[in-house]
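# Remarks on the overall topology
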Amino acid sequence: MSSFVTTSHGADFFGEDRHLVASLASLADYARSCLAADERDQLVQLLTGPATAEVGTEQTIPAADAGRLAIQLRRVARNRYLRSKRLAASAALLADAAARAAADGEPWHWRTEATA
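The structure displayed is predicted, hence computed values, not measured ones. (Residues numbered from 1 in each chain as written. Predicted model: local features only at pLDDT ≥ 70, side-chain atom pairs only at ≥ 80, totals over all residues. Heavy atoms only, no water.)

### Some points on the nonpolar core
Membership of the largest hydrophobic core comes to 30 residues, with the highest contact counts inside it found for L27, L43, L47, V76, L94, W108 and W110. Those elements that place two or more of their residues in this core are α1 (21-34), α2 (41-52), α3 (63-77), α4 (85-104) and β4 (108-115). No other element matches α4, which puts eight residues into this core. Residues within four places of L47 in sequence aside, it is in contact with L24, A25, L27, A28, L94 and W110. (Core = buried A, V, L, I, M, F, W, Y, C linked by side-chain atoms within 4.5 Å. Buried < 20%, exposed > 50% of the residue type's maximum accessible area, 1.4 Å probe, protein only. Helix = DSSP H or I, 4+ residues; strand = E, 2+ residues; numbered from the N terminus. Contact = heavy atoms within 4.5 Å.)

### As for the packing of aromatic side chains
Under the defined criterion, the tally for this structure stands at two aromatic pairs. Measuring from ring centre to ring centre gives 5.2 Å for F13 and F14, while their planes differ by 85 degrees; the resulting arrangement is edge-to-face. Taking the centre distance of 5.3 Å and the plane angle of 85 degrees together, the rings of W108 and W110 count as edge-to-face. Pair check on accessibility: W108 and W110 agree, each one buried. (Phe/Tyr/Trp six-rings, centres within 6.5 Å; stacked < 30°, edge-to-face > 60°.)

### Quick word on the sheet that holds strand β3 (residues 58-61)
Strand order in the open sheet formed by four strands is β2-β1-β4-β3, and the pairing between neighbours is antiparallel. Strands with a single pairing partner mark the edges of an open sheet, and in this sheet they are β2 (16-20) and β3. Adjacent strand axes in the sheet meet at a mean angle of 25 degrees, parallel and antiparallel pairs treated alike. Note that strand β1 (residues 2-8) and β2 share five bridges and pair antiparallel. The residue bridging V5 from the neighbouring strand is H19, located in β2. Those strands touched by α2 are β1, β3 and β4, and its axis lies near 30 degrees from that of β4. Sheet contacts for α3: β3 and β4; angle to β3, the most-contacted strand, approximately 90 degrees. (Pairing = 2+ DSSP bridges. Axes fitted to C-alpha atoms, helices over the stretch in contact; angles between N-to-C directions.)

### Re the packing of α2 against α3
In the contact formed by α2 and α3, the axes pass within 10 Å of each other and the chain directions differ by 85 degrees. Accordingly, the angle class assigned to the pair α2 and α3 is roughly perpendicular. Counting all contacts with α2, which are made through Q42, L43 and L46, the residues of α3 involved are D65, R68, L69, Q72, L73 and V76. Of the residues belonging to the contact of α2 with α3, the class tally is five nonpolar, two polar and two charged. (Parallel < 35°, antiparallel > 145°, perpendicular 65-115°, else oblique. Nonpolar A, V, L, I, M, F, W, Y, C, P; charged D, E, K, R; others polar.)

### Examining the pattern of salt bridges
All chains considered together, the criterion is met by seven salt bridges. Between E39 and R75 there is a salt bridge; the shortest N-O distance is 2.9 Å. Placement of E39 in the loop between α1 and α2 and of R75 in helix α3 is noted, with a sequence separation of 36 residues between them. On the basis of relative accessible area, R75 is assigned to the partly exposed category, the value being 38%. Here R68 and D65 are joined by a salt bridge, their closest N and O atoms 2.9 Å apart. (Salt bridge = Lys/Arg side-chain N within 4 Å of Asp/Glu carboxyl O.)

Shape descriptors only; they carry no functional weight alone.
Right under this line is the structure:
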């Protein structure tokens with residue numbers, strides 16, 4: 001059974017995106033290496049949190065924080081050392097969803113789920 005995170009303000013018909021928890025943890029490693037130490041803590045916690053969270057756990061990120069996270073996620077997605085196209089696409093999708101939440105002035109929601 002693998003776990004994934006469903007985020008609001010996504011690109012699908014229902015306004016959601018799904019990301020594997022393992023992919024998010026890999027993105028956290030890149031965020032640690034390409035963002036300054038004083039600005040990466042919230043993003044790294046957000047990306048690594050679902051790995052230890054129980055299924056059904058929800059997290060709400062305020063719109064102002066989502067806007068800042070969108071900028072950081074775009075920097076991670078465009079980092080020249082991020083060679084995995086899958087991870088770059090995942091970071092870009094997360095950045096777009098965060099930016100949409102911030103632009104709408106709405107909180108950005110994350111929900112941890114499991115699949116068989």
